[in-house]
Amino acid sequence: MTTTVAPAQTAAPTRRRFTVDEFLAMDQAGIFHPEERLELLDGEILIMPPIGPPHADGTDQFDDFFKFSLRGRARVRVQGPVQLDDLNLPVPDIAVLRLRDGYHRAHPTPTDVLLIVEVSDSSLRRDRDAKLSRYAAAGIPEVWIANVPARHVEAFHDPVDGVYQSHRIVPADGQISPIAFPDVELTVGDFLLE
Amino acid sequence: MTTTALPAQTAAPTRRRFTVDEYCAMAEAGILSERERVELLDGEIYVMPPIGAPHEDGTTRLSRDPILQLVDRAWVRVQNSIRLNDYGLPEPDIAIARLRDDYHRNLPTPEDVLLVIEIADSSLRSDLDVKLPLYAAAGIPEVWIANVAARQVEAFHDPVDGVYQSSRIVPADGRISPRVFPDVVLTVGEFLLGDPDSEGDETDAPGTDS
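None of the values given here were measured: they were computed from a predicted structure.

Trainee: Just give me the short version of the environment of A:Leu40, but keep the residues and values in it.
Mentor: All names here are of chain A. Positionally, Leu40 belongs in strand β2 (residues 38-41). Judged by relative accessible area, which is 0%, Leu40 ranks as buried. When residues no more than four places from it in sequence are discounted, the contact partners of Leu40 are Phe18, Thr19, Val20, Phe23, Ile45, Leu87, Asn88, Leu89 and Pro90.

Have a look at this one:
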């Protein structure tokens, strides 16, 4: 069967992208099921992978630790949205936020975020490829990708022009502290259990 | 900057697809404005390319002649939705549908549609790559892709398992009829007058049958 060859100047099909406001309006309009786990990346609404036991437990461990050790010093948001810009509303596993009033009125923006932790098992590729570059572009100062299968944390710092300039891998027996809270130290293996 | 090799089994991100009902709810909630030219294809919302003058003119010419010839025999819809399935609500340039008296309540479904015509200029790739396979999968029996730049119609028939089994190209001086209305004979060049920007390019048209 012969087919016409599309001339080079014809436009590739373009998907409609959505702003954060439109995405939130869809939720208000009841278009999404309440149980759906979605995030907005570059205007595309993505389904978040199911949370397996290692992912859930790792998130809980970071949650417990930060809420305890940063009590009165930071707000710890667990699997809640962060508004990077008009087209990006990711839902990181942990967002350590500056203490301030008003988070009930609008989602935190990059200037509020001190550290993001993504606990990654099946979501590793998406966290690494899709979300990390958005976090860097938004100027999030520090991101930890807690790699469950490898039992290590990859820590990214110093975002410049959408790329983290420094990166280090902390193994299970290594210690790591948030840059914003150098006195708060944890051992990776205590959070990512075998 | 070193990065750890990725395990092969990790999943790529999946876009949230929308049903026709969710899509319509977005329009009702004002998230998709009435002025927006979008269509729902396979659960994804696409922005339709702008309609240029040759596209508009072709649509208008095609909607006139068949309408005159098909009065009381079929329902001719111009740039209106057809409901392909729960995830598809395209707006073809022309849809020739069976006569029914309840289209004000129910959108035409594939069982109603006899012929779809897409006038393709900048939309050519979208029409061929995205929409044509969906029409085939839905069992639309006949689709014409009217290629404005080449001044030819490519007619597709016999959908089986999501692929049209036969197609033929009709050049500007050729005649074409809907399969279900063989007495309605149209000359391609009479509704595809050509893109004024590409005058003189007509000799490039392949004009071959297959």
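Trainee: Which residues make up the side chain of A:Arg16, and what values go with them?
Mentor: Along the polypeptide, A:Arg16 turns up in the loop between β1 (14-15) and α1 (20-28). Polar side-chain contacts of A:Arg16 include one of 3.0 Å to the side chain of A:Glu22. In this structure the side chain of A:Arg16 is engaged in a polar contact, spanning 3.4 Å, whose partner is the backbone oxygen of B:Ile31. Those residues within four positions of A:Arg16 in sequence are excluded, and the remaining contacts are A:Glu22, A:Gly43, B:Ile31, B:Leu32, B:Glu36, B:Val38, B:Ile45, B:Tyr46 and B:Val47.

Trainee: Now, about unusual backbone geometry: what can you tell me, with residues and values included?
Mentor: Unusually for a residue other than glycine, A:Asp161 sits at a positive phi of about 50 degrees. Inspection of the secondary structure puts A:Asp161 in the loop between β8 (152-160) and β9 (163-170). The class for A:Asp161 is exposed, based on a relative accessible area of 79%. Backbone geometry places B:Gln79, a non-glycine residue, at a positive phi of 50 degrees.

Trainee: Account for helix α2 (residues 53-69) of chain A, with residues named and values stated.
Mentor: Along an α-helix, a turn takes 3.6 residues, which lines up residues three or four apart on a common side. Residue and element names in this part refer to chain A. Its 17 residues place the ends of α2 24 Å apart at the C-alpha level, agreeing with the 24 Å of an ideal helix rising 1.5 Å per residue. For α2, the full list of buried residues reads His55, Gly58, Thr59, Phe62, Asp63 and Phe66. For α2, the angular spread of the buried residues around the axis is 135 degrees, confining them to a single face. Exposed side chains of α2 directed beyond 90 degrees from the buried face belong to Pro53, Asp64 and Phe68. On its buried face, α2 is in contact with β4 (75-78), β5 (94-97), β6 (113-120), β7 (142-147) and β11 (186-187).

Trainee: Describe in detail the pattern of salt bridges, supporting the description with residues and values.
Mentor: This model, assessed by the stated rule, comprises 25 salt bridges over all chains. The partner of B:Arg100 in a salt bridge is B:Asp112, with the nearest N and O atoms 2.9 Å apart. Taken together, the residues span a long stretch of sequence, with B:Arg100 in the loop between β5 (94-97) and β6 (113-120) and B:Asp112 in the loop between β5 and β6 at a distance of 12 residues. Classification of B:Arg100 by relative accessible area gives partly exposed; the value is 35%. Given a relative accessible area of 4%, B:Asp112 falls into the buried group. Linking B:Lys131 and B:Glu118 is a salt bridge whose minimum nitrogen-to-oxygen distance equals 2.8 Å. Highlighted residues: B:Lys131 in helix α3 (residues 124-138) and B:Glu118 in strand β6, separated in sequence by 13 residues. With respect to class, B:Lys131 is no different from B:Glu118; both count as buried. Salt bridges here are not isolated pairs; linked through shared partners, they connect A:Arg15, A:Glu44, B:Arg15 and B:Glu44.

Trainee: Give me the nonpolar core: which residues, what numbers.
Mentor: Core analysis: the biggest nonpolar cluster contains 24 residues, and A:Phe62, A:Phe66, A:Val96, A:Val117, A:Trp144 and A:Ile176 have the highest contact counts within it. Those elements giving two or more residues to this core turn out to be α2, β5, β6, β7 and β8 of chain A. A total of 4 residues in this core trace back to one element, the largest contributor, which is β6(A). The contact partners of A:Val117, leaving out residues within four places of it in the chain, are A:Phe62, A:Phe66, A:Pro92, A:Asp93, A:Ile94 and A:Trp144. Within the second largest apolar cluster, 23 residues are counted, among which are B:Leu62, B:Leu70, B:Ile119 and B:Phe191.

Trainee: Explain the sheet that holds β2(A) to me, using residue names and the numbers behind them.
Mentor: Across the sheet, which stays open at both edges, the 3 strands sit in the order β2(A)-β3(A)-β1(B) with antiparallel pairing between neighbours. For this open sheet the edge positions go to β2 of chain A together with β1 (14-15) of chain B, each flanked by a neighbour on one side alone. As defined by bridge partners, strand β3 (residues 44-47) of chain A adjoins β1(B) across 2 bridges and the pair is classed as antiparallel. The residue bridging A:Ile47 from the neighbouring strand is B:Thr14, located in β1(B). On the sheet, α1(A) packs against β2 and β3 of chain A and is oriented at approximately 160 degrees with respect to β2(A).

Trainee: Report on the confidence of the model for chain B, specifying residues and quantitative values.
Mentor: Close inspection of predicted coordinates is inappropriate for parts of the model with low pLDDT. Residues and elements named next belong to chain B. Across chain B, the average pLDDT comes to 87, with 87% of residues at 70 or higher. Counting interchain partners and residues more than four positions distant, the pLDDT-below-50 stretch residues 1-9 has 15 contacts. In the model, residues 199-210 has pLDDT below 50 throughout and makes 12 contacts with residues more than four positions away in sequence or in other chains. With pTM at 0.84, the complex prediction returns an ipTM value of 0.83.

Trainee: Provide a residue-level description of the sheet that holds β7(A), including the pertinent values.
Mentor: Residue and element names in this part refer to chain A. With mixed pairing, the 6 strands of this open sheet are ordered in space as β4-β5-β6-β7-β8-β9. Of all strands in the sheet, those with a lone pairing partner are β4 and β9, marking the two edges. Here the average twist between neighbouring strands, direction ignored, is 20 degrees. Across 4 bridges, the pairing between β4 and β5 is antiparallel. Within β5, the position partnered with Arg75 by the bridge is Leu97.

Trainee: I'd love a proper account of the confidence of the model for chain A, names of residues and values included.
Mentor: Averaged over chain A, the pLDDT score is 91; the fraction of residues at 70 or greater is 91%. Predicted confidence is poor over residues 1-6 of chain A, with pLDDT under 50, and the contacts of this stretch with residues over four places away or in other chains come to 19 contacts.

Definitions and limits used
Residues numbered from 1 in each chain as written. Chains lettered and ligands numbered in written order. Predicted model: local features only at pLDDT ≥ 70, side-chain atom pairs only at ≥ 80, totals over all residues. Heavy atoms only, no water. Helix = DSSP H or I, 4+ residues; strand = E, 2+ residues; numbered from the N terminus. Buried < 20%, exposed > 50% of the residue type's maximum accessible area, 1.4 Å probe, protein only. Contact = heavy atoms within 4.5 Å. Polar contact = N/O pair within 3.5 Å; in protein donor to acceptor, adjacent residues only side chain to side chain. Expected span 1.5 Å × (residues − 1). Arc of directions from axis to C-beta. Salt bridge = Lys/Arg side-chain N within 4 Å of Asp/Glu carboxyl O. Core = buried A, V, L, I, M, F, W, Y, C linked by side-chain atoms within 4.5 Å. Pairing = 2+ DSSP bridges. Axes fitted to C-alpha atoms, helices over the stretch in contact; angles between N-to-C directions. pLDDT = per-residue confidence, 0-100.

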